[in-house]
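# Results of the structural survey
Listed below are the residues making up each chain.
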Amino acid sequence: MTAAATPATSPANAGERPGVRLARSRRNAELSLLLLAMALVAAYGAMVEANVLDTITPGFWVPAAALTAVFLGMHLVIRFLAPFADPALLPAVALLNGLGVGFLHRLDLARAAPEDRAGLATFAGVGGRQLAWTLISVILAAALLALMRDHRSISRYAYTLGLAGIVLVMLPAVLPASISEINGAKLWVRIGSFSIQPGEFAKLALLVFFAYYLVRKREVLSLASHRFLGIDFPRGRDLGPVLVVWAISLLVLVFEKDLGTSLLYFGMFVATVYIATERVSWLLIGLVLFFGGAYLAYVLGDAVGGPFANFYLRAQIWLDPFDKPYDDGYQLVQGLLALGTGGMFGTGPGGGQPLLLPEVQNDFIFAGLGEEIGLFGLSALLVIYLLIVERGLRAALAVRDSFGKLLAGGLAFTLALQVFVIVGGISGLIPLTGQTTPFLSAGGSSLMANWLLIAVLLRVSDAGRRPVTGVGGKVNRPAGGPPEHLHGAPTEVIKP
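Residues numbered from 1 in each chain as written. Predicted model: local features only at pLDDT ≥ 70, side-chain atom pairs only at ≥ 80, totals over all residues. Heavy atoms only, no water.

The next subject is helix H3 (residues 89-111). Here H3 contains 23 residues, and its C-alpha end-to-end distance of 33 Å stays within 8% of the 33 Å for a straight helix at 1.5 Å per residue. Counting buried positions along H3 gives 22 out of 23 residues, so the element sits mostly inside the fold. (Helix = DSSP H or I, 4+ residues; strand = E, 2+ residues; numbered from the N terminus. Expected span 1.5 Å × (residues − 1). Buried < 20%, exposed > 50% of the residue type's maximum accessible area, 1.4 Å probe, protein only.)

The backbone of Glu359 sits at a positive phi, close to 55 degrees, despite the residue not being glycine. Tracing the backbone shows Glu359 in the loop between helix H12 (330-342) and helix H13 (365-398). Judged by its relative accessible area of 27%, Glu359 is partly exposed. One non-glycine residue, Phe439, adopts positive backbone phi at about 70 degrees.

What follows concerns the pattern of salt bridges. For the structure shown, the criterion picks out ten salt bridges. Note that Glu30 is salt-bridged to Arg27, the shortest N-O span being 2.8 Å. Separated by three residues within a single helix, Glu30 and Arg27 lie in helix H1 (residues 27-52), roughly one turn from each other. Judged by its relative accessible area of 0%, Glu30 is buried. Exposure remark for Arg27: the relative accessible area of 2% places this residue in the buried category. Here Arg466 ties to Asp462 by a salt bridge, and the two come within 2.8 Å at their closest N and O atoms. A residue is classified by how much of its surface remains accessible, and Asp462, at 3% relative accessible area, is buried. Beyond isolated ion pairs, a larger network of salt bridges with shared partners links Asp86, Glu390, Arg391 and Arg394. (Salt bridge = Lys/Arg side-chain N within 4 Å of Asp/Glu carboxyl O.)

A cluster of nonpolar side chains, namely Tyr274, Ile275, Val280, Leu284, Leu287 and Phe291, defines an oily patch on the protein surface of about 500 Å² accessible area. Looking at the nonpolar patch, the elements with two or more residues in it are helix H9 (259-277) and helix H10 (280-303). By residue number, the principal contributor to the nonpolar patch is H10, which donates four residues. Take Phe291: it is sitting in helix H10. On the basis of relative accessibility, which here comes to 53%, the residue Phe291 falls in the exposed class. (Patch = residues over 30% accessible without salt bridge, like charges linked within 9 Å, V, L, I, M, F, W, Y side chains within 5 Å. Areas by Shrake-Rupley, 256 points an atom, 1.4 Å probe, with all protein chains shown as cover.)

On to the packing of H3 against helix H4 (residues 125-147), then. At a minimum axis separation of 6 Å, H3 and H4 run at an interaxial angle of 155 degrees. When the interaxial angle is binned, H3 and H4 end up roughly antiparallel. Where H3 abuts H4, its residues Asn97, Val101, Leu104, His105, Asp108 and Arg111 lie against Gly125, Val126, Gly127, Gly128, Gln130, Leu131 and Thr134. Its residues placed into classes, the contact of H3 with H4 shows four nonpolar, seven polar and two charged. (Axes fitted to C-alpha atoms, helices over the stretch in contact; angles between N-to-C directions. Parallel < 35°, antiparallel > 145°, perpendicular 65-115°, else oblique. Contact = heavy atoms within 4.5 Å. Nonpolar A, V, L, I, M, F, W, Y, C, P; charged D, E, K, R; others polar.)

If you walk through the whole model with that rule in mind, you get one cavity of 30 Å³ or more. For the largest cavity, the calculated volume is near 90 Å³. Taken together, 13 residues form the lining of the largest cavity, with Gln197, Gly199, Glu200, Thr261 and Tyr265 sitting closest to its centre. When residues of the lining of the largest cavity are traced back to their parent elements, those giving at least two are helix H5 (158-174), helix H7 (198-222) and H9. (1 Å grid on protein atoms, 1.4 Å probe; cavity = no way out; pocket = protein on both sides within 12 Å on 5 of 7 lines; lining within 4 Å. Points joined across faces, edges and corners; volume = space filled by probe spheres on them.)

Moving on, we come to the packing of aromatic side chains. Each aromatic ring pair is characterised by the separation of its centres together with the angle its planes make. Under the counting rule described, the total for this entry stands at eleven aromatic pairs. Each ring, one from Phe209 and one from Phe210, has its centre 6.2 Å from the other, and the planes form 55 degrees; the classification is tilted. Aromatic ring contacts, followed pair by pair, group Tyr159, Phe209, Phe210, Tyr212, Tyr213 and Phe269 into a single cluster. (Phe/Tyr/Trp six-rings, centres within 6.5 Å; stacked < 30°, edge-to-face > 60°.)

The contact between H7 and helix H14 (residues 402-427) brings their axes to 9 Å, and the two run at 140 degrees. Considered as vectors, H7 and H14 are oriented oblique to each other. The hand of the H7/H14 crossing is right-handed. Residues Glu200, Lys203, Leu204, Leu207, Val208, Ala211, Tyr212, Leu214, Val215 and Arg218 of H7 pack against Ser402, Phe403, Leu406, Leu407, Gly410, Leu411, Thr414 and Gln418 of H14. Its residues placed into classes, the contact of H7 with H14 shows eleven nonpolar, four polar and three charged. (Left-handed = near helix turned anticlockwise from the far one by under 90°.)

Shown next as structure tokens:
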């Protein structure tokens, strides 16, 4: 596709070289938004201390200052290594991460004795550990940006990453419950005081494999065998990959005893297939397969029990949480009561009773926040997540190669699906899951994996927004890319 460049003599382009498309890096806008986000985090910390301590200590700003230093470091890395990346991604993620650290520090204040609260160290307790994990996660994200100068280069390791992803997914299922099970879900690997959730990293590895595989097979998967109700359905022989991933997701559901993880893996694959083929039929097939499998597991849990019993119990709690409000349904009931207590505007930061919620620092942090910031505050948090997802999808639309489009689109959808799974479980829309709320919940596995996800989106966004044409309309591609079949549609060339 060709397009005429604006004449170099126009006032808007005075001093520009003919034939070169200029792009604004928008790093100063990113810096301004980042400082605004950190100011909101500092204000949140001050309000927490005002409600919990009845005063604001001189050091209320220290957590926000520490986070600001960490995120400014990431901003400098982006400025030099990905100067054309989307300017809204880092500030939005930093705000969520900062509010998560602030709320965890608020829990530390609530757990401390009243006479010790004013002197509680900033880097103590769960909040202090989350600060440390934030630093580690941001360093990993920066390192990934430095090592991965071209997002297409990781396609060379697609099959290796796919195998690693499957191993990471199934590892907790084959380990003894004593080192892999927490609250009924086998999602962890615990060795002494160290624990890790391998599934958080598996989703990234599997998405790279899915994107690479579907770039190569999308033409086959796009073929239609027959049309029903205006929808073209694929050939039966092409259902193999979907059925394999469906079977793996059911194994996760049964043996790891977690609906959310199963839905996450299968959902991100089906969504990536849809992005690659643009056929609604794949979404319909995916929904039928997943809900059919979940219903089968529920029926077998009632009739047979065994490995299906845990899912059956969670489904029963979801159907009637108030049947046993002080037993099996206690966690969900407390979460619903917290959301109801918060109402529209909440009790104010530091004004609730989040310690009444089991696992409030992990699975139920959204409910704990909801009690204090209300429906309006939770809606604002969801809008921030929506912004991150929208920017990820925009990066997928802007990048010029098919692999990058599928990778960024799949990552953005995966983040959206994870938020839906955890918020849906807390609000009673779907059965409870063992998923963590991205960037908010305590824990290093989730935080590191999601910061790596953001690093990949930044790299793809930088490639999509970076000017690619030189003098005379010559196309400049980044060095070290994969074979030409991953480049996708022809790049737009602007001629002088």
